[in-house]
Amino acid sequence: MSIPQPRPSVAAMPAYVAGKPPAERPGLVTYKLSSNENPYPPLDGVVEVAAEAARRVNRYPDAGSAELYEALSASYQVPVEEVALSTGAVALIFQLVSAYTGPDDEVVFAWRSFEAYPIAVLAAGATAVKVPVTADGRHDLDAMADAITERTKVVFVCTPNNPTGTSVTQTELDAFLAKVPEHVLVVVDEAYAEFVRMDDAVDGVATYRGRSNVVVLRTFSKAYGLAGFRVGYALAPAPIAATLRAMALPFGVNVVAQAAGVASLERQAELLARVDDLTVERARVVEGVRAAGWDIPDAQGNFVWFALGSEDRCAEFAAAADEAGLMVRPYAPEGVRVSIGEVEANTRFIELLASLPR
């Protein structure tokens, strides 16, 4: 008996691999450092607002997410028409690739970078062009510019880059954009933008405002601590934002997520203080890792990266962390990513590193 078959590119799609929860260890508190989640709970008041919204789940959410759109517009001082919401930034990635590419088209991105990029490209039937990151985990923007051909329709720049943690500078991004043809869409994925602490940091909002082919992606999942609600948004020229809204699933952002997003935006001062605390803890982790003799790249997200270079080393590293009650995220064969978690988790991880072979 024959059954319907998907397109070959869909059949070849790898599954998205999420960070695993830690295994239980008798007598030991375990920690999940595998998903770049915010270790803090939602901001004060957000849970209460979400709980109140949950009383209305028998009704469909506002299909236009009007209140959240207005809140984002006011927060970034951009027109509502230049905002597009969806169920996490990853949904926007799929919408962008599906809307702007198809068979015979190419999508350029650094590798290793966010693993949803090649999956979205395969789903659209397009071709992924992976440009290796540099030895220190940074985007090779010159090589990416050279990789653009007449078939290129979309380019992703992930900054800070997930999973290596490095960021491009505004000067580097401007020089790259000057080389990209105007008909090629450049997606600046800033899921971790709030954590950046570096000179000449990218200003995604100013960048997209000055160009007709730039989209900026942001999310409530990381700094805002709303990963479970799945809300992401794009800032883009009005025609591109309209295309993204047209590609979104109806009622995709649920009523509880909309309410939590608005409440979180109303608490920006608390958010920024919390992010500052996380970046201070990140600095402590980086210092401890390097003091233990490990050479890691600059960390501008809420995680650190270990370039291990083989499947065996990745597996051994992850197994040792698991035995210590810490679940990390291997990306074999390139390396392992470790999220900044609770203080106790981070301290235990630093102590573990002293016993691991470099």
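Refer to the structure presented above.
Quick summary incoming for the structure in this document. These numbers were taken from a predicted model, which means no experiment stands behind them. In this numbering scheme, every chain counts its residues from 1 along its sequence in written order. Thresholds applied to this predicted model are a pLDDT of at least 70 for local features of residues and 80 or more for the giving and counting of side-chain atom pairs; totals over whole chains, interfaces and linings are not thresholded and use all residues. Hydrogens and waters are ignored; side-chain quantities use all the structure's heavy atoms.

With that settled, the discussion passes to the overall build of the protein. Elements are defined by DSSP. Helices are runs of H or I of four residues or more, strands are runs of E of two residues or more, and each kind is numbered from the N terminus. Along the backbone of the protein there are 13 helices and 12 strands. Within these notes, the globule rule equals 2.2 Å times the number of residues to the 0.38 power, and the radius of gyration is based on C-alpha atoms. Taken against the 2.2 N^0.38 rule, which gives 21 Å for 358 residues, the C-alpha radius of gyration of the protein at 20 Å falls within 12% of a compact globule. A principal-axis box enclosing the C-alpha atoms of the protein has dimensions of 60 × 55 × 50 Å. Contacts are assigned to residue pairs that have any heavy atoms within 4.5 Å of one another. Intrachain contacts of the protein at a sequence separation of at least 6 include 74% that bridge at least 24 residues. Calculation of accessible area relied on Shrake-Rupley with a 1.4 Å probe; when residues are assessed, cover is drawn exclusively from the protein chains displayed. Of the roughly 15,700 Å² of accessible surface on the protein, a fraction of 55% belongs to carbon and sulfur atoms. Computed over 30 positive and 45 negative side-chain charges, the separation of the two mean positions in the protein equals 4 Å. Under this rule, positive means Lys or Arg and negative means Asp or Glu; His and the chain ends count for nothing. To locate a charge, the coordinates of NZ of Lys, CZ of Arg, CG of Asp or CD of Glu are taken.

Judged by nonpolar contacts, the single largest core of 108 residues is most densely connected at Phe-176, Phe-306 and Phe-317. Sort the elements by how many residues they give to this core and helix 11 (residues 268-291) lands first, with 6 residues. Apart from the residues within four sequence positions on either side, Phe-306 is in contact with Val-289, Trp-294, Ile-296, Phe-317, Glu-334, Gly-335, Val-336, Val-338, Phe-349 and Leu-353. Core analysis: the second largest hydrophobic core is formed by 5 residues, Ala-50, Ala-53, Val-255 and Ala-259 among them. Only buried residues count toward a nonpolar core. Its members are Ala, Val, Leu, Ile, Met, Phe, Trp, Tyr and Cys residues joined through side-chain atoms within 4.5 Å. Relative accessibility under 20% of the residue-type maximum defines a buried residue, over 50% an exposed one, and the middle range a partly exposed one, all with a 1.4 Å probe and only protein chains included.

With that out of the way, let us pick up the packing of helix 11 against helix 13 (residues 343-353). Interhelical geometry of helix 11 versus helix 13 gives an angle of 10 degrees and a closest axis separation of 9 Å. Classified by the interaxial angle, the pair formed by helix 11 and helix 13 is roughly parallel. Within the contact between the two elements, helix 11 uses Glu-281, Arg-284, Val-285, Gly-288 and Val-289 and helix 13 uses Val-343, Asn-346, Thr-347, Phe-349, Ile-350 and Leu-353. Its residues placed into classes, the contact of helix 11 with helix 13 shows 6 nonpolar, 3 polar and 2 charged. Where helices are involved, their axes are fitted lines through C-alpha atoms of the stretch in contact, as for all axes, and angles between N-to-C directions lie from 0 to 180°. Small angles under 35 degrees read as roughly parallel and large ones over 145 as roughly antiparallel, with 65 to 115 read as roughly perpendicular and the rest as oblique. Lys, Arg, Asp and Glu make up the charged group, whereas Ala, Val, Leu, Ile, Met, Phe, Trp, Tyr, Cys and Pro make up the nonpolar group; the residues left over, Gly among them, are polar.

The strand order across the open sheet built from 7 strands is 2-8-7-6-5-3-4, with neighbouring strands paired in mixed fashion. On the outer flanks of this sheet lie strand 2 (83-86) and strand 4 (127-132), each paired with one strand and no other. Strand-to-strand twist in this sheet, taken as the mean axis angle between neighbours without regard to direction, amounts to 25 degrees. Sheet analysis places strand 7 (residues 214-219) next to strand 8 (residues 232-235), joined by 4 bridges and oriented antiparallel. Considered in strand 8, the bridge of Thr-219 is made with Gly-232. Docked against the sheet, helix 3 (residues 66-76) engages strand 2, strand 7 and strand 8, running at close to 130 degrees with respect to strand 2. Here helix 9 (residues 238-247) sits on the sheet in contact with strand 2, strand 6 (185-189), strand 7 and strand 8, set at roughly 20 degrees to strand 2. In this description, strands pair whenever DSSP reports at least two bridges between them.

Here we take up the pattern of salt bridges. What makes a salt bridge here is a side-chain nitrogen of Lys or Arg within 4 Å of a carboxyl oxygen of Asp or Glu, nothing more. Taken as a whole and judged by the stated rule, the model has 15 salt bridges. Of the charged contacts, one joins Glu-172 and Arg-138 as a salt bridge, the two residues approaching to 2.9 Å between their closest N and O atoms. Taken as a pair, Glu-172 in helix 7 (residues 170-179) and Arg-138 in the loop between strand 4 and helix 6 (141-146) lie far apart in primary sequence, 34 residues in all. Residue Glu-172 is classed as partly exposed on the basis of its relative accessible area of 28%. Notably, a salt bridge pairs Asp-276 with Arg-197, separated by 2.7 Å at the nearest N-O pair. Residue Asp-276 is located in helix 11, and its partner Arg-197 is located in the loop between strand 6 and helix 8 (204-209); the two are separated by 79 residues in the primary sequence.

Turning our attention to the pairing of strand 6. Among the 5 residues of strand 6, 5 are classified as buried, and the element is accordingly described as predominantly covered. Relative to strand 6, strand 5 (residues 152-158) is paired through 5 bridges, and the arrangement is parallel. Across the sheet, Phe-156 pairs through a bridge with Val-187, a residue of strand 6. A crossover counts as right-handed when, viewed with the strands pointing away from the observer, the path leading from the first strand over the helix to the second turns clockwise. The parallel pair strand 5 and strand 6 is bridged by helix 7, and the resulting crossover is right-handed. Note: strand 6 against strand 7, 4 bridges, orientation parallel. Residue pairing across strands places Val-186 opposite Val-214, the latter belonging to strand 7.

For the rest of this paragraph, the subject is helix 5 (residues 116-124). Judged by how many residues are buried, helix 5 sits mostly within the fold: 7 of 9 residues are covered. Taken as a whole, helix 5 has its buried residues at Ala-116, Tyr-117, Pro-118, Ile-119, Ala-120, Val-121 and Ala-124. Tucked inside the fold, the buried residues of helix 5 contact helix 4 (89-100), strand 3 (106-111), strand 4, strand 5 and strand 6. Positive phi shows up at Gly-125, right after helix 5, with a value of about 80 degrees.

Sheet architecture is open: 3 strands sit in the order 9-12-11, paired in antiparallel fashion. The sheet is open, and its two edges are formed by strand 9 (303-307) and strand 11 (329-331), each paired on a single side. For this sheet, the mean inter-axis angle between neighbouring strands, taken without regard to orientation, is 20 degrees. Where strand 11 lies against strand 12 (residues 335-339), 3 bridges are found, and the strand directions are antiparallel. Bridging from a neighbouring strand, Tyr-331 pairs with Gly-335 of strand 12.

A few words on helix 4. To estimate the expected span of a helix, subtract one from its residue number and multiply by 1.5 Å. Here helix 4 contains 12 residues, and its C-alpha end-to-end distance of 17 Å stays within 8% of the 16 Å for a straight helix at 1.5 Å per residue. For helix 4, the set of buried residues is Ala-89, Ala-91, Leu-92, Ile-93, Gln-95, Leu-96 and Val-97.

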